[in-house]
Amino acid sequence: MKLFDLHCDTIERMEEHGENMLTENCQLSLRYLPQVEKWCQTFAIFIPDSKRGADAMEYYERVRAYFHKMLDEHKDIVEFVHNADDIKRITAAKKCAAVLSVEGAAVLGGKLENIEKLARDGVKMMTLTWNFKNGLAEPNIVPGTDDMWPRPANTTGGLTEKGLEFVEEMQRLHMLVDVSHLSDAGIWDILRVAKRPFVASHSNARACCPHVRNLTDEMLTAMGEKGCLIGLNYCASFLDTNPDRSQVRSRITDMARHARYIMDKAGEDCLALGSDFDGIDGDLEIAGAQDMPKLAEGMKKEGIPERVVEKIFYGNAVRFFSENL
């Protein structure tokens with residue numbers, strides 16, 4: 001099995017609890033590396049919305065330093081990705097290729113020059129928001145409110161003028177724009193102005209489950225036409241349509257249902273994996289990295305051809321990164 005996962009929140013959990021890359025206490029652990037022929041993992045530094053300005057940058061630097069400490073301690077099994085060629089080289093050496101991303105552009109503190117700083121740090125992808133409005137854009141969910149469906153999507157609060165400027169700079173530096181968490185209006189702003197393909201690292205299909213964090217049919221089609229990449233999220237509330245939202249479950253059958261639908265609208269070259277490991281909990285059939293072989297077999301049993309499963313698991317993402325980093 002080859003594996004390329006576009007999003008996990010494991011760095012923060014490791015740093016908070018003093019865990020390492022072989023931890024037994026995180027959903028994502030490299031102790032399962034021997035099960036995987038090739039593994040590229042995107043690790044997100046999540047920026048809490050309580051952090052702004054200098055506090056956000058200090059938090060980023062602290063977590064990034066811990067991440068590199070862990071990479072150094074486990075250099076026999078994992079290596080940092082500086083460019084697209086590194087992915088092929090590192091995975092060929094049977095190591096995990098570690099891509100760094102940021103979840104929440106509040107880390108930039110509204111300073112355009114900080115995008116270049118993050119690019120020098122090796123950040124390859126960044127969401128514009130998490131779940132609160134910042135100086136660049138608005139999200140589709142606000143913590144403290146009922147974020148379960150049905151609820152209206154944010155169709156009016158998109159990118160600010162500064163946000164548009166920052167997107168242009170990210171694309172100039174080949175830092176991938178990640179639209180997961182962004183409002184509907186913001187996604188359409190990106191589709192309108194983006195000169196390069198972009199990513200929704202951990203989002204599903206809204207027609208299959210009407211959570212506002214999922215993508216509409218029109219978004220899926222437009223992203224497919226633009227050559228974008230969408231990472232399938234394992235979160236139960238983005239997958240399950242059980243009217244009793246306290247009983248939602250994350251099941252392979254629903255993951256396959258969303259996968260088939262996304263590919264029907266966006267094309268089979270557009271879909272990858274975006275587990276959201278260590279950012280999700282609840283009743284999960286795929287509860288950690290150890291279950292990934294089960295997901296591959298389950299998707300095939302649900303009617304997705306083996307060659308397409310291989311593209312979802314690895315091929316589409318490695319091609320996209322090769323073309324766009």
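Residues numbered from 1 in each chain as written. Predicted model: local features only at pLDDT ≥ 70, side-chain atom pairs only at ≥ 80, totals over all residues. Heavy atoms only, no water.

**Student:** Quick rundown of the overall build of the protein chain? Include the residues and the values.
**Tutor:** Helix and strand content of the protein chain: 10 helices and 11 strands. Here the protein chain holds 325 residues, and the buried ones make up 60% of them. Contacts in the protein chain between residues at least 24 apart in sequence constitute 70% of all its contacts with a sequence separation of at least 6. A total of about 12,600 Å² of accessible surface is found on the protein chain, and carbon and sulfur atoms cover 47% of it. One way to put it: in the protein chain the 40 positive side-chain charges average out to a point 3 Å from where the 52 negative ones average out. (Helix = DSSP H or I, 4+ residues; strand = E, 2+ residues; numbered from the N terminus. Buried < 20%, exposed > 50% of the residue type's maximum accessible area, 1.4 Å probe, protein only. Contact = heavy atoms within 4.5 Å. Areas by Shrake-Rupley, 256 points an atom, 1.4 Å probe, with all protein chains shown as cover. Lys, Arg positive; Asp, Glu negative; His and termini not counted. Charge placed at Lys NZ, Arg CZ, Asp CG, Glu CD.)

**Student:** Could you give an account of the layout of surface pockets, naming the residues involved and the relevant values?
**Tutor:** In this approach the atoms are scanned with a rolling probe the size of a water molecule, which exposes any empty space left behind. If you add up the space inside the largest pocket, you get close to 640 Å³. Together, 30 residues line the largest pocket, and Trp-130, Cys-235, Asp-276, Gly-279 and Ile-280 are the ones closest to its centre. Per-element accounting of the lining of the largest pocket gives the leading share, four residues, to helix 1 (residues 10–17). Considering only residue class, the lining of the largest pocket consists of 10 nonpolar, nine polar and 11 charged. Considering only enclosed or pocket space, the second largest pocket measures out at about 230 Å³ in volume. (1 Å grid on protein atoms, 1.4 Å probe; cavity = no way out; pocket = protein on both sides within 12 Å on 5 of 7 lines; lining within 4 Å. Points joined across faces, edges and corners; volume = space filled by probe spheres on them. Nonpolar A, V, L, I, M, F, W, Y, C, P; charged D, E, K, R; others polar.)

**Student:** Provide a residue-level description of the nonpolar core, including the pertinent values.
**Tutor:** Counting 94 residues, the largest nonpolar core has Leu-118, Ile-190, Leu-295 and Phe-313 as its most contacted members. Tallying contributions element by element places helix 2 (residues 54–73) first for this core, with nine residues. In this structure Leu-118 touches Met-57, Tyr-60, Val-102, Val-107, Leu-108, Val-123, Met-126 and Met-175, once residues within four positions along its chain are discounted. Of all hydrophobic cores here, the second largest spans 18 residues; its members include Ile-87, Ala-97, Leu-229 and Tyr-314. (Core = buried A, V, L, I, M, F, W, Y, C linked by side-chain atoms within 4.5 Å.)

**Student:** Outline helix 1, listing residues and values.
**Tutor:** Where helix 1 is concerned, the buried positions are Thr-10, Ile-11, Met-14 and Glu-15. Considered in projection along helix 1, the buried side chains sweep an arc of 130° and stay on one side of the axis. Turned more than 90 degrees away from the buried face of helix 1, the exposed residues are Glu-16 and His-17. Of the residues flanking the end of helix 1, it is Gly-18, one or two places downstream, whose phi is positive at about 70°. (Arc of directions from axis to C-beta.)

**Student:** Help me get a handle on the side chain of Asn-140, residues and values and all.
**Tutor:** For Asn-140, the location among the structural elements is in the loop between strand 5 (123–127) and helix 5 (161–172). The exposure class assigned to Asn-140 is buried, which follows from its relative accessible area of 3%. One polar contact links the side chain of Asn-140 to the main-chain amide nitrogen of Asn-154, over a distance of 2.8 Å. Within polar-contact distance, the side chain of Asn-140 engages the backbone oxygen of Val-212 at 3.0 Å. The contacts of Asn-140, once residues within four sequence positions are left out, are Arg-151, Ala-153, Asn-154, His-181, Leu-182, Ser-183, Asp-184, Arg-206 and Val-212. (Polar contact = N/O pair within 3.5 Å; in protein donor to acceptor, adjacent residues only side chain to side chain.)

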